[in-house]
Amino acid sequence: MIEIRELTKSFGERVAVDHLSLSIEKGEFFALLGSNGAGKTTTIKMISGLQTPTNGDIIIDGMSIFSNLQQSKQLMNISPQETAVAPNLSVKENLEFTAKIYGFDKNEAIIRAGEMMEKFSLTDRAKAKAKTLSGGLQRRLSIAMAMISNPRIVFLDEPTLGLDVRARRDLWNILLGLKGQMTIILTTHYLEEVEALADRVGIMHHGKLCALGTVDDLKEQYNKNSLEEVFLSVTEEMEVLV
Amino acid sequence: MSSLHFASRNQKEILRDPLSLVFGFGLPIVLLFLFSIMQKNLPYGLFQIEHLAPGIIVFGFSFLTLFSGMLLGKDRGSSFLMRLFASPLSAKDYIIGYLLPMLPIALLQIIVCLVAASLLGLPFNSNSLLAIIVLLLISILFISFGLLFGTLFTDKQVGGIFALFVNVTAFLSGIWFSLDLIGGTFKTICYLLPFAHAVDAAKAAFAGNIHDIWGSLFVVIGYTVVIMGIAIVIFRKRMRS
């Protein structure tokens, strides 16, 4: 379980994340929503150990990630907002490289890479250099690289940004297949993606967590028919719950 | 072990870029042959192979600056480095991972240039082996510059800065002409920078003048430590932020 306690991040006068408290269950698919600059990416960076908070802590299975950073990093993996692949390495090499830096030996890395290529339908492009793949396939590879270390927690920062409808739907199906196997924390601007994938949703605005619950809970709580209406209502009212 | 896996990835990234091969290995050889042809038509010894080869090898190292700077800048720009920062790699792994793969490339550059220079009349003897060691030490200076540029700038900016850097290396190092020909303030400025010292150390090594190597080499090593130190401090700061 991930327990976020009073997490705050300030950049000078500007407070990017403001006393964020939240618990995410093991195996949960959690979506973090918010307008641009709401503090989603900063939150993800802090939970994944990329940024140190100004205040607060994050506890994973009773262990503070900031006190045990190297150990915590072994449990997590990330697929950044921009596609982050090594362009001159093949699909297989990218996957094996990621497995190796997470401590897998050569044989394990080969086996894991094969499994990931199978799972993400990349086997027929195994020898293709990453830079020659389409945007959709590069994104798939980037997420496969995040999954190959068998992380307990994986962060997907806008994984379908810029993908066409087909590629997006294909990726949704893959992510649906991974549900329950690991804790997935997703940030996205696509609300239909949240409805299709997420167990629970948090909506951030001006660095604060303003709404939290399942999609149905939020619709009921805000008396709206769609998540989009809830989102607009929350980010307009700035009603802070937590 | 992680640092070696990272180093292997970095080497593949560089060597699989055909432009790296053309510029890093091809250009110094073209220059060697070009200046040797020019020397044949000159009435005096301006571009003699004993003086030309060490300088051109040092000049070729400026492409190590480009390769390392571009790679690091590209990793930062594409979020690849963000992915790595989230992994269990430590600061030490990054330093080894970016530095180590450049050394075999430097060695390959030296060997390719030595073979070409031998064809043009440079004798290959025990001094050449000493020169290889000295040149490898000099190459770390150029890699350090690349890592500093890559830490500070994007890959596109590194490309622009390299254009300036390669000219500084070429004209303020005494590769193409003896700095004594100009002398004065120009020579003083050249010797405030490490490039002329690098060329002097390489020339002394090829000539077997061991005592003349150390003074120049110490300056080069001093610059290397400072430049690499600054790159590491800034990189670690960026890692934390």
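Counting from 1, residues in each chain are numbered in the order their sequence is written. Key to labels: chains lettered from A, ligands numbered from 1, both in the order written. Since the coordinates come from a predicted model, pLDDT governs what is reported: local features require at least 70, and pairs of side-chain atoms require 80 or more to be given and counted, while whole-chain, interface and lining totals use all residues.

A. Expanded view of the overall build of chain B. Each helix and strand counted, chain B has eleven helices and zero strands in total. In this description a helix means any DSSP run of H or I spanning at least four residues, a strand means any run of E spanning at least two, and both kinds are numbered starting from the N terminus. In sequence order, the secondary structure elements of chain B are arranged as α-α-α-α-α-α-α-α-α-α-α. Projecting the C-alpha coordinates of chain B onto the three principal axes gives extents of approximately 60 × 35 × 30 Å. For chain B, the residues scored as buried account for 46% of the 241 residues in total. We call two residues in contact if the C-beta atoms placed from their backbones are at most 7 Å apart. Partitioning the intrachain contacts of chain B with sequence separation of at least 6 by distance along the chain shows that 81% fall at a separation of at least 24. Any residue whose C-beta has 12 or fewer other C-beta atoms within 10 Å is treated as exposed, any with 20 or more as buried, and any in between as partly exposed, C-beta atoms being built from the backbone.

B. Seen up close, the confidence of the model for chain B. Each residue carries a pLDDT value, the predictor's own confidence for that position, ranging from 0 to 100. Averaged over chain B, the pLDDT score is 89; the fraction of residues at 70 or greater is 100%. Confidence estimates for the predicted assembly give a pTM of 0.85 and an ipTM of 0.86.

C. Main features of the sheet that holds strand S1 (residues 2-11) of chain A. All names here are of chain A. Here, strands pair whenever DSSP counts at least two bridges between them. As summarised here, the arrangement of the four strands in space is S2-S1-S4-S5, forming an open sheet in which the pairing is antiparallel. Whereas interior strands pair on both sides, the edge strands pair on one side only; in this sheet they are strand S2 (14-24) and strand S5 (63-64). Bridging between strand S4 (residues 55-60) and S5 involves two bridges; their strand directions are antiparallel. Residue pairing across strands places Ile60 opposite Met63, the latter belonging to S5. Each axis is a line fitted through C-alpha atoms, and for a helix only the stretch in contact is used; angles between axes span 0 to 180 degrees, taken between their N-to-C directions. Each of S1, S2 and S4 touches helix H1 (residues 40-47); the most contacted strand, S1, lies at about 120° to it.

D. Quick peek at the UniProt feature "transmembrane region" (unreviewed entry) in chain B. UniProt positions are given in the numbering used here, feature names are shortened, and annotations may be inferred rather than shown by experiment. Under the present numbering, the feature "transmembrane region" (unreviewed entry) in UniProt falls on residues 21-39, 51-73, 94-122, 128-149, 161-179 and 213-235 of chain B. Annotation note: span residues 51-73 of chain B, helix share 100%, strand share 0%, distance between end C-alpha atoms 34 Å.

E. Focus on the UniProt feature "domain: ABC transporter" (unreviewed entry) in chain A. Sequence positions flagged by UniProt for "domain: ABC transporter" (unreviewed entry) are, in local numbering, residues 2-231 of chain A. Split by type, residues 2-231 of chain A is 38% helix and 27% strand. Its first and last C-alpha atoms lie 24 Å apart.

F. Quick peek at the packing of helix H2 (residues 18-40) of chain B against helix H6 (residues 102-119) of chain B. Residues and elements named next belong to chain B. In contact at an axis separation of 10 Å, H2 and H6 are set at 25° when each is read in the N-to-C sense. As judged from the angle between their axes, H2 and H6 are roughly parallel. As H2 runs across H6, the sense of the crossing is right-handed. Of the residues in H6, those touching H2 at Gly24, Phe25, Pro28, Ile29 and Leu32 are Ile105, Gln109, Val112, Cys113, Ala116 and Ala117. When its residues are assigned to classes, the contact of H2 with H6 shows nine nonpolar, two polar and no charged. Here the angle decides the label: under 35 degrees means roughly parallel, over 145 means roughly antiparallel, 65 to 115 means roughly perpendicular, and every other value means oblique. For any pair of crossing helices, the crossing counts as left-handed if the nearer helix is rotated counterclockwise from the farther one by less than a right angle, and right-handed if it is rotated clockwise. As a working rule, the residues Ala, Val, Leu, Ile, Met, Phe, Trp, Tyr, Cys and Pro are called nonpolar, Asp, Glu, Lys and Arg charged, and the rest polar, with Gly in that last group.

G. Seen up close, the UniProt feature "domain: ABC transmembrane type-2" (unreviewed entry) in chain B. Sequence positions flagged by UniProt for "domain: ABC transmembrane type-2" (unreviewed entry) are, in local numbering, residues 19-238 of chain B. Annotated as residues 19-238 of chain B, this span is 82% helix and 0% strand, and its ends, taken at the C-alpha atoms, are 29 Å apart.

H. The arrangement of unusual backbone geometry in detail. Residue and element names in this part refer to chain A. Backbone geometry places Glu6, a non-glycine residue, at a positive phi of 50°. As for its placement among the helices and strands, Glu6 is situated in strand S1. In the Ramachandran plot, Glu158 falls in the positive-phi region, its phi being about 45° despite a non-glycine side chain. Turning to its location among the elements, Glu158 is positioned in the loop between strand S7 (153-157) and helix H6 (165-178).

I. Highlighting helix H8 (residues 155-171) of chain B. All names here are of chain B. Helix length check: H8 (17 residues) gives 24 Å between terminal C-alpha atoms against 24 Å at 1.5 Å per residue, within 8%. Bend at a given residue is defined as the angle between two axes, one fitted to the seven residues that end at that position and one fitted to the seven that begin there. Along H8, the sharpest kink reaches roughly 25°, centred on Ile161. All buried positions along H8 are accounted for by Val158, Phe162, Phe165 and Thr169. Contact partners of the buried residues in H8: helix H3 (49-77), helix H7 (126-152) and helix H10 (194-207). Multiplying 1.5 Å by the helix residue count minus one yields the expected span of that helix.

J. Representation of the environment of Asp18(A) within the structure. Tracing the backbone through its elements, the reader meets Asp18(A) in strand S2. Separated by 199 residues in sequence, Asp18(A) and Asp217(A) have C-alpha atoms that sit 24 Å apart.

K. Quick look at the interface of chain A and chain B. The interface is formed by 21 residues belonging to chain A together with 19 residues belonging to chain B. Counting only elements with at least two residues in the side of chain A that touches chain B, the list comes to helix H2 (69-75), strand S6 (76-79) and helix H3 (91-101) of chain A. Its residues assigned to classes, the side of chain A that touches chain B comprises ten nonpolar, eight polar and three charged.

L. Representation of the pairing of S7(A) within the structure. All names here are of chain A. Among the five residues in S7, five count as buried, and that is most of the element. The alternating pattern of S7 places Ile153, Phe155 and Asp157 and Val154 and Leu156 on opposite faces, both of which are buried. Inspection of the sheet shows S6 paired to S7 by four bridges, in the parallel sense. Each residue of the ladder has a partner; that of Met76, found in S7, is Ile153. Across five bridges, S7 lies against strand S8 (residues 183-187) in parallel orientation. Looking at the pairing, Ile153 lines up with Thr183 of S8.

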